[in-house]
Structures are given as structure tokens and as C-alpha cells.
Amino acid sequence: MSVLSLVTSCSDPGDVTHSRRILSNAKFPVGSTVRYVCDKGYVLTGSTTITCYNRQAGIPKWSDRAPKCVPEKYEPCVNPGKPEHGHQEPERRAYQPGDALRFSCNSGYTLMGEHSIKCIPGHPSQWSNSPPICKGDE
């Protein structure tokens, strides 16, 4: 066996925490790809797909280093204020994405609009609707 045995594949790029891999070939030959998909609640930083390529000299190499999956950071929703002559439950300064805020009116007032609104995750996070108003019963 000659010392110049031809290496025609890349080494395993490894797993990325909080993700799964989609391999085009389990042996990683030149031209094969590894695609990383982050778990729910994580976002990918770096290249989604890396490819094994042949260099003129030396051992085949990955087109990029494996990415990272980092926790998604959504900003909280700011309290939209309670309706005049009304209440909100729970009453807080800020709400995490996914939190719901419920409204009710004092007796003698009718709630016009949504009884409950939700903090929708995003950059920035925002409320699903405007807060309701409490209208005096005529």
C-alpha cells in the first residue's frame, strides 16, 4: 500500500447541539452535503448547509465550519394599558411571547373589542390586537 493513498472524503463535521442533520451521504465523499436544522426555539447562526470539496493539494475539506443553534430571543410585549373603566388580568409591565392578557369592564360598562389579546413572538414581539375599550351603558 502506498503512502500516497488518496483521501476522497471529509471527516465527520459533527453534530450541532439543539439541531438535527440531513446527510446526502453518510461517508462524506467529495460533493456530499450536510444540512443542519435547528430544533424549535433555536435559530441557526452560520451556514445551513456545508459541502465537502476537493482542494488542489491535500485532504478534502468542508466549505464552512458547522453552524451553531442558539436560543431564539424575542423581546417581550409592553403592557398596552388598561381600558378606561376597565381591568386587565394579569397586570404586568411586560409579557413574554405567548402570554395572553385578558380584559374586563367595570359594571355599567360594556367591553368593545377583543376580551383577550396575545403577545405574538417576533422582532419586535407585538400584540395580536389592540386592547378593547369599555363603553358606558346608555
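Structural notes, computed from the coordinates. Given the structure is predicted, the values throughout are model-derived calculations rather than measurements.

1. Describing the overall build of the protein chain
Okay, so step 1: Along its length, the protein chain carries 0 helices and 14 strands.
Okay, so step 2: Secondary structure of the protein chain in N-to-C order comes out as β-β-β-β-β-β-β-β-β-β-β-β-β-β.
Okay, so step 3: In terms of C-alpha radius of gyration, the protein chain reaches 27 Å, well past the compact-globule figure of 14 Å for 138 residues.
Okay, so step 4: Projecting the C-alpha coordinates of the protein chain onto the three principal axes gives extents of approximately 95 × 20 × 20 Å.
Okay, so step 5: For the protein chain, with 138 residues in total, the buried portion stands at 22%.
Okay, so step 6: For the protein chain, the share of sequence-separated contacts (at least 6 apart) that also reach a separation of at least 24 residues comes to 35%.
Okay, so step 7: The positive charge centre, built from 16 side chains, and the negative charge centre, built from 13, are 14 Å apart in the protein chain.

2. Observations concerning a positive patch on the surface
Okay, so step 1: Residues Arg-55, Lys-61, Arg-65 and Lys-68 make up a contiguous surface patch of positive charge.
Okay, so step 2: Along the chain, the position of Lys-68 falls in strand β6 (residues 68–71).

3. As for the environment of Pro-124
Okay, so step 1: Counting through the fold element by element, Pro-124 comes out in the loop between β12 (116–120) and β13 (126–127).
Okay, so step 2: Judged by its relative accessible area of 46%, Pro-124 is partly exposed.
Okay, so step 3: Once the C-alpha coordinates of Pro-124 and Cys-77 are considered, the two residues, 47 residues apart in sequence, prove to be 8.1 Å apart.

4. Considerations on unusual backbone geometry
Okay, so step 1: The linkage connecting Glu-89 with the following residue, Pro-90, adopts the cis geometry, with an omega of -10 degrees.
Okay, so step 2: Its location among the elements puts Pro-90 in the loop between β8 (86–89) and β9 (94–95).
Okay, so step 3: Within the chain, Phe-28 stands out as a residue other than glycine whose phi angle is a positive 60 degrees.
Okay, so step 4: Locating Phe-28 in the fold gives a position in the loop between β1 (19–23) and β2 (33–38).
Okay, so step 5: By relative accessible area, Phe-28 is classed as buried at 6%.
Okay, so step 6: Phi is positive for His-85, close to 70 degrees, though the residue is something other than glycine.
Okay, so step 7: Take His-85: it is sitting in the loop between β7 (77–78) and β8.
Okay, so step 8: The exposure class of His-85 is partly exposed, given its relative accessible area of 32%.

5. Re the sheet that holds β13
Okay, so step 1: A sheet is described by the order of its strands in space; here 4 strands give the open sequence β8-β10-β12-β13, paired in antiparallel fashion. Each edge of the open sheet is held by one strand with a lone partner, namely β8 and β13.
Okay, so step 2: Sheet analysis places β8 next to strand β10 (residues 100–105), joined by 4 bridges and oriented antiparallel. Each residue of the ladder has a partner; that of His-87, found in β10, is Ser-104.

6. A few points about the pattern of salt bridges
Okay, so step 1: As enumerated under the stated definition, the model contains 4 salt bridges in all.
Okay, so step 2: Here Arg-21 ties to Asp-15 by a salt bridge, and the two come within 3.2 Å at their closest N and O atoms.
Okay, so step 3: Put simply, Asp-99 and Arg-92 hold a salt bridge, and the shortest N to O gap is 2.8 Å.
Okay, so step 4: The structure contains a network of salt bridges with shared partners spanning Asp-12, Asp-15 and Arg-21.

Reading guide: rules and limits
Residues numbered from 1 in each chain as written. Predicted model: local features only at pLDDT ≥ 70, side-chain atom pairs only at ≥ 80, totals over all residues. Heavy atoms only, no water. Helix = DSSP H or I, 4+ residues; strand = E, 2+ residues; numbered from the N terminus. Rg over C-alpha atoms; globule rule 2.2 N^0.38 Å. Buried < 20%, exposed > 50% of the residue type's maximum accessible area, 1.4 Å probe, protein only. Contact = heavy atoms within 4.5 Å. Lys, Arg positive; Asp, Glu negative; His and termini not counted. Charge placed at Lys NZ, Arg CZ, Asp CG, Glu CD. Patch = residues over 30% accessible without salt bridge, like charges linked within 9 Å, V, L, I, M, F, W, Y side chains within 5 Å. Areas by Shrake-Rupley, 256 points an atom, 1.4 Å probe, with all protein chains shown as cover. Salt bridge = Lys/Arg side-chain N within 4 Å of Asp/Glu carboxyl O. Pairing = 2+ DSSP bridges.

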